[in-house]
Amino acid sequence: MKHYDYVIVGSGLFAGVFAWHARKAGKSCLVIEKRGHMGGNIYCEDVEGIHVHKYGAHIFHTSSRRVWDFVNSLVEFNRYTNSPIANYHGEIYNMPFNMNTFSKMWGISTPDQARAIIEQQRGQIDHEPRNLEEQAISLVGRDIYEKLIKGYTEKQWGRSCRELPSFIIKRLPVRYTYDNNYFNDRFQGIPIGGYNKIIDALFEGCDVLLNTDFNEDREKYMAMGDTVLYTGMLDSFYNYQFGHLEYRSLKFESELLDTPNYQGVAVVNYTDRETPYTRVIEHKHFEYGTSSKTVITREYPVTWEEGMEPYYPVNDEKNQAMFEKYEALAKKEQHVIFGGRLAEYKYYDMDKVIESAFKLTDTVFNA
């Protein structure tokens, strides 16, 4: 049986960045992946020449020159700018909240008019917000909350905004300019040819076992390497001895349509409570596709159960306290390194995953 310098559990971005640096340092790597494909949630499927984001929309954005230069050394990026729209019972609003949004909502045209309306509505909450509803109104006013936040958030979390803690919405971006660019970061785009090109580049030279659950035969796989990098669920590694950490999950329904353009934009958020899905993704618009057909995906939030894909950690006090118990065990491990969104029980944008991996690789390979 071949022995490796590193056994890497999982094949998402964190694992990939580590594997890339390990290979550059001349180390041998075995990647163990539970799914039937590499790449974690950035994996794309090719349908009629369209790169379908199988696990939801992934739009790369960062303000880090180091991160941007790194990913561009792997693949060329296009100039895609994220400008989603919100659909509230057929009314269309620009996102994030900006002067285009306010002009449509209130029939006004100047920043001073918009500020005055928002300030007046914010004043309805004259005490420390006790729940998410009060927090949102205190930040952006009731009109924006009712049409563009309430229904979407309640679908996302599966309960009333009055039952959700205020800390979930610490801030909401409000722009008093006519700017529909969703992100404030310096750089953004989509890999030309899809995210699988990044995956292939990151794991080049690694041996790979697909459809393999590391935790089902842990001792065997740990014995195959000097060090294990574990990027899976931390509670799973410790056999849930303190209980199951909670997540929200997603269900995707994709459809190939015989039309060149279904909605005119890559992402439409459905912000009313009655529409069961939160958004519809039209994948070809990420890469300015010219196919005569299109693929759309409806995204439904669901309550996570064991066996489902964990997407969003529920970082409330109960779960954080449980995670800290697992984290204390992890810190005692001598031959296992933990990292990534699941092992750290943290929601990460892609650039932040890479930055987190850089912190590890700088220590391990540049010391």
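Rules of the game
- Residues numbered from 1 in each chain as written.
- Predicted model: local features only at pLDDT ≥ 70, side-chain atom pairs only at ≥ 80, totals over all residues.
- Heavy atoms only, no water.
- UniProt positions renumbered as here; feature names shortened; annotations may be inferred.
- Core = buried A, V, L, I, M, F, W, Y, C linked by side-chain atoms within 4.5 Å.
- Buried < 20%, exposed > 50% of the residue type's maximum accessible area, 1.4 Å probe, protein only.
- Helix = DSSP H or I, 4+ residues; strand = E, 2+ residues; numbered from the N terminus.
- Contact = heavy atoms within 4.5 Å.
- Axes fitted to C-alpha atoms, helices over the stretch in contact; angles between N-to-C directions.
- Pairing = 2+ DSSP bridges.

- As recorded in an unreviewed UniProt entry, the protein chain goes by UDP-galactopyranose mutase and comes from Candidatus Scybalocola faecigallinarum.
- UniProt, in the comment section headed Cofactor (unreviewed entry), describes the protein chain in these words: "FAD".
- Recorded in UniProt for the protein chain, the comment headed Sequence similarities (unreviewed entry) runs: "Belongs to the UDP-galactopyranose/dTDP-fucopyranose mutase family."

### Digging into the nonpolar core
Here is step 1 of the chain: One finds Phe-97, Phe-102, Ile-144, Ile-149, Phe-214, Tyr-230 and Phe-338 to be the most contacted residues of the largest nonpolar core, which totals 54 residues.
Here is step 2 of the chain: With 5 residues, the single largest contributor to this core is helix H6 (residues 142–157).
Here is step 3 of the chain: Contact partners of Phe-102, with chain neighbours within four places excluded, come to Phe-97, Gly-107, Ile-108, Ala-114, Ile-118, Ile-144, Val-174, Arg-175 and Tyr-176.
Here is step 4 of the chain: Grouped together as the second largest cluster of nonpolar side chains are 48 residues, Met-38, Val-67, Phe-187 and Phe-203 included.

### Some words on the packing of helix H4 (residues 111–122) against helix H5 (residues 132–140)
Here is step 1 of the chain: Where H4 contacts H5, the axes come no closer than 6 Å and their chain directions differ by 145°. Residues Ile-118, Gln-121 and Arg-122 of H4 lie in contact with H5, whose contacting residues are Ile-137, Ser-138, Leu-139 and Val-140.

### Some details on the sheet that holds strand E12 (residues 267–270)
Here is step 1 of the chain: Strand order across the open sheet formed by 7 strands is E7-E6-E12-E13-E14-E11-E15, with mixed pairing between neighbours. Looking at which strands have only one partner, the edges of the open sheet turn out to be strand E7 (91–94) and strand E15 (312–313).
Here is step 2 of the chain: As judged from the 4 bridges shared by strand E6 (residues 85–88) and E7, these two strands associate in the antiparallel manner. Paired with Ala-86 across the strands is Tyr-93, a residue of E7.

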